[in-house]
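Here are the chains, one letter per residue:
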Amino acid sequence: DKTGTGSWGGTIPIQIVGMRSCVDRCIEMINGVVAGDHSSIGHTSDILPVDPQKVNGLMGHRGQTCTLLKDLTGCYLDIQQGPQAGVPAGEARVFMAGPPESVHRAKQVLSAFLSMMEHLAVPPNGAVNPGAGGGSSGGVAELLQGLAGTLR
């Protein structure tokens with residue numbers, strides 16, 4: 001039962017059929033995932049605190065930078081800002097989930113990118129300058145690809 005507001009609120013009924021021991025294990029796995037523990041499905045999760053002033057730059061125009069980070073790291077990323085589930089007002093963080101090596105790489109790439117943001121020409125609204133393709137993220141995309149390649 002996920003309680004809260006928006007699409008996360010409410011209860012979704014699930015029927016599990018099988019041997020009692022398998023049903024019990026399945027219930028444990030589902031409850032673990034709902035609580036944020038993805039180890040039962042071979043995944044791990046981690047949280048990286050983020051300066052709220054850097055959230056727009058991390059998201060990028062229309063989410064381009066965040067999408068690129070997801071693609072480069074193979075990791076699920078969710079930028080969370082307070083007040084929302086578990087994040088106090090005025091704070092921000094990135095939730096990462098996926099195979100352990102992907103989460104580790106995502107944390108390295110995100111940490112490096114966040115520390116470099118102060119030196120990048122990323123406007124406060126997160127918009128990026130279009131590259132040669134007209135709508136790509138240009139220099140930010142090249143930087144992130146370089147960071148991901150360096151940290152492998």
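Structure: see above.
On a predicted model such as this, the values are computed, not experimentally measured, just so you know. (Residues numbered from 1 in each chain as written. Predicted model: local features only at pLDDT ≥ 70, side-chain atom pairs only at ≥ 80, totals over all residues. Heavy atoms only, no water.)

This part covers the overall build of the chain. Looking only at helices and strands, the chain features five helices and three strands. Taken across its 152 residues, the chain has 32% of its residues classed as buried. Looking at the chain alone, contacts between residues at least 24 apart form 59% of all its contacts between residues at least 6 apart. (Helix = DSSP H or I, 4+ residues; strand = E, 2+ residues; numbered from the N terminus. Buried < 20%, exposed > 50% of the residue type's maximum accessible area, 1.4 Å probe, protein only. Contact = heavy atoms within 4.5 Å.)

Here the focus is the pattern of salt bridges. With the rule as written, the count across this model stands at three salt bridges. Salt-bridge contacts for Asp24 lead to Arg20; the nearest nitrogen and oxygen are separated by 3.2 Å. Taken together, the positions of Asp24 and Arg20, both in helix α1 (residues 20-34) and four residues apart, correspond to about one turn of that helix. On the accessibility criterion, Asp24 (30% relative accessible area) is partly exposed. When the shortest N-O distance is used, the salt bridge between Asp46 and Lys107 registers 3.0 Å. Linking Asp46 in strand β1 (residues 44-50) with Lys107 in helix α4 (residues 100-116), this pair joins segments that are 61 residues apart in sequence. Relative accessible area serves as the criterion here: at 27%, Asp46 is assigned to the partly exposed category. Taking relative accessible area as the criterion, Lys107 reaches 29% and is therefore assigned partly exposed. (Salt bridge = Lys/Arg side-chain N within 4 Å of Asp/Glu carboxyl O.)

With respect to the secondary-structure elements, Gln80 resides in strand β2 (residues 76-81). Given the relative accessible area of 9%, Gln80 is considered buried. Within the structure, Gln80 has its side chain in polar contact with the side chain of Asp78 (distance 3.2 Å). Aside from chain neighbours lying at most four places away, what touches Gln80 is Val87, Glu91, Ala92, Arg93 and Phe95. (Polar contact = N/O pair within 3.5 Å; in protein donor to acceptor, adjacent residues only side chain to side chain.)

Next up on the list: helix α3 (residues 64-73). Here α3 has its buried residues at Thr65, Cys66, Leu68, Leu69, Leu72 and Thr73. Projected onto a plane normal to the axis of α3, the buried residues spread over an arc of 160° and lie on a single side. One or two positions beyond α3, positive phi appears at Gly74, with a value near 70°. (Arc of directions from axis to C-beta.)

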